[in-house]
Amino acid sequence: MVQGIANWNTEQTEEWLQGYVDDWVAFFRKHTNEGKVASYIPELKKANPDQLGISIVGTNGMKIQSGDTSIPFTIQSISKVFSFIVACMERGVSYMLDRVDVEPTGEAFNSIMHLEMRQVKKPFNPLVNAGAITVSSILEGNTSDEKLEPIFELLEKLLHYRPAIDVDVYESERDSSMRNRAIGYYLLETGFLESDLNSTLETYFKQCSIELTIEDIARIGTTLANDGRDIETDEEIIPRPIARIAKALMLTCGMYDASGKFATYVGIPAKSGVSGGIMAVVPPRVRSEDMPFIEGCGIGVFGPALDKQGNSIAGIRLLKHIARQWDLSIF
């Protein structure tokens, strides 16, 4: 473990930790050849599988970045965290939890089988496709643009700029997502959707196609680590109870059907996307020794080569190593 940083000033500590992270990114980059980029969305097939980058932003303002850090990418399923937060802010937590559960599925993120076989009364959680599509239907507004506007407003508050949709990815996803359309029709038949199917799916495809960088992801993670308060202004952007529910869902459901293993071996809330992004949240920890980012941080990772569950294969190994070295686990 990296110990004994109490007597270092911030500039020295940052330089010291930067060296470690640079070495770790270089080491784990070789594991990108063990994965494959997402192929079921044609536009995502164009990603470079050799890329790997990480950004860490502490609640104390310290920032460490390494690897491929400047590449914008569509956030895909990471957007499910934001849509759920917005829906809770619009409709209330009780309303949302009456319509979407908070249980892990143990199934693939785009599974239909578990919905039909178990005859569920509501989707298992908002971080799998069925739950996220249901959330998109609950967002206020009649059109996809009306439904998306509060998500963009939230991101603008979190990032201090307004992100955009990658139109090419959106159109590619819209035209190729037969499985999500099938899920949508099932949800419509069972009465889970609260708006018409077309506007619901358009909202879902567009939110997945919002483009950010890993530094953006890390900064959002930092706000969540700080229970929804901006680390610079101390403004409450996300109500604390909603931020805490979001973190709990990320811990138990955020890494698809590998969520249990990730919680066990990494031990921090995280949400992945099939473009290769991961948003991880490290709340403040109580430790008897001085450790990096002990006051909490957000971590953004990008590595388009995926494992069988749809998570960044090198990104997970990098996060697992850092969590062990810096004792980031919340357990």
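Residues numbered from 1 in each chain as written. Predicted model: local features only at pLDDT ≥ 70, side-chain atom pairs only at ≥ 80, totals over all residues. Heavy atoms only, no water.

Visitor: Teacher, can you tell me more about unusual backbone geometry here?
Guide: When glycine is set aside, most residues are seen to have a negative phi, and most peptide bonds are trans. The backbone of D234 sits at a positive phi, close to 65°, despite the residue not being glycine. Mapped onto the elements of the fold, D234 is located in the loop between α10 (214-225) and α11 (240-253). A positive phi angle is found at Y256, which is not glycine, with a value near 60°. (Helix = DSSP H or I, 4+ residues; strand = E, 2+ residues; numbered from the N terminus.)

Visitor: Just checking my understanding: could you explain the sheet that holds strand β1 (residues 53-58) for this structure?
Guide: Across a sheet, paired strands are connected by hydrogen bonds in the backbone, their directions being either parallel or antiparallel. Taken in spatial order, the five strands line up as β2-β1-β8-β7-β6 in an open sheet, and their pairing is antiparallel. The sheet terminates laterally at β2 (63-67) and β6 (270-272), the two strands that pair on one side only. Each adjacent strand pair in this sheet contributes to an overall mean axis angle of 10°, direction not counted. Note: β1 against β2, five bridges, orientation antiparallel. From the neighbouring strand, S55 faces β2, where its bridge partner is Q65. The strands touched by helix α13 (residues 313-326) within the sheet are β1, β7 (277-282) and β8 (297-302), with β7 carrying the most contacts at an inclination of about 15°. (Pairing = 2+ DSSP bridges. Axes fitted to C-alpha atoms, helices over the stretch in contact; angles between N-to-C directions. Contact = heavy atoms within 4.5 Å.)

Visitor: It is not clear to me how the side chain of T222 should be interpreted in this structure. Could you clarify?
Guide: Position of T222 relative to the elements: it lies in helix α10. Judged by relative accessible area, T222 falls into the buried class, the value being 1%. Among the polar contacts made by the side chain of T222, one reaches the main-chain carbonyl oxygen of V57 at a distance of 2.7 Å. Aside from chain neighbours lying at most four places away, what touches T222 is V57, G58, T59, I231, C297 and G298. (Buried < 20%, exposed > 50% of the residue type's maximum accessible area, 1.4 Å probe, protein only. Polar contact = N/O pair within 3.5 Å; in protein donor to acceptor, adjacent residues only side chain to side chain.)

Visitor: In this structure, what is going on with the packing of helix α2 (residues 79-91) against helix α9 (residues 197-208)? I would like to understand it.
Guide: The relative placement of two packed helices is expressed as an angle between their axes plus a distance between the axes. With their axes 9 Å apart at the nearest point, α2 and α9 run at an angle of 125° to one another. When the axes of α2 and α9 are compared, the pair comes out oblique. In this structure, α2 meets α9 at a crossing whose hand is right-handed. Here α2 contributes S79, K80 and S83 to the contact with α9, which in turn contributes Y204, Q207 and C208. (Parallel < 35°, antiparallel > 145°, perpendicular 65-115°, else oblique. Left-handed = near helix turned anticlockwise from the far one by under 90°.)

Visitor: Is there a simple way to think about α13 in this case?
Guide: Owing to its 3.6 residues per turn, the α-helix aligns residues three or four sequence positions apart on the same side. A rise of 1.5 Å per residue sets the reference length of α13, with its 14 residues, at 20 Å; its end C-alpha atoms lie 20 Å apart and thus fit the reference within 8%. Among the residues making up α13, those that are buried are I313, A314, G315, I316, L318, L319, I322, A323 and W326. Two residues or fewer after α13 comes D327, characterised by a positive phi angle close to 55°. (Expected span 1.5 Å × (residues − 1).)

Visitor: Looking at this structure, how should I read the nonpolar core?
Guide: Taken as a class, soluble globular proteins show a tendency for nonpolar side chains to be buried jointly. Ranked by internal contacts, the top residues of the largest apolar core, which has 41 residues, are F82, I238 and M279. Elements supplying a minimum of two residues to this core: α2, α5 (129-138), α6 (144-159), β5 (210-212), α10, α11 and β7. With near-sequence residues (within four places) excluded, F82 lies in contact with I75, I151, L154, L155, I220 and M279. Ranked by size, the runner-up nonpolar core spans 30 residues in total, among them F262, F293, L318 and L319. (Core = buried A, V, L, I, M, F, W, Y, C linked by side-chain atoms within 4.5 Å.)

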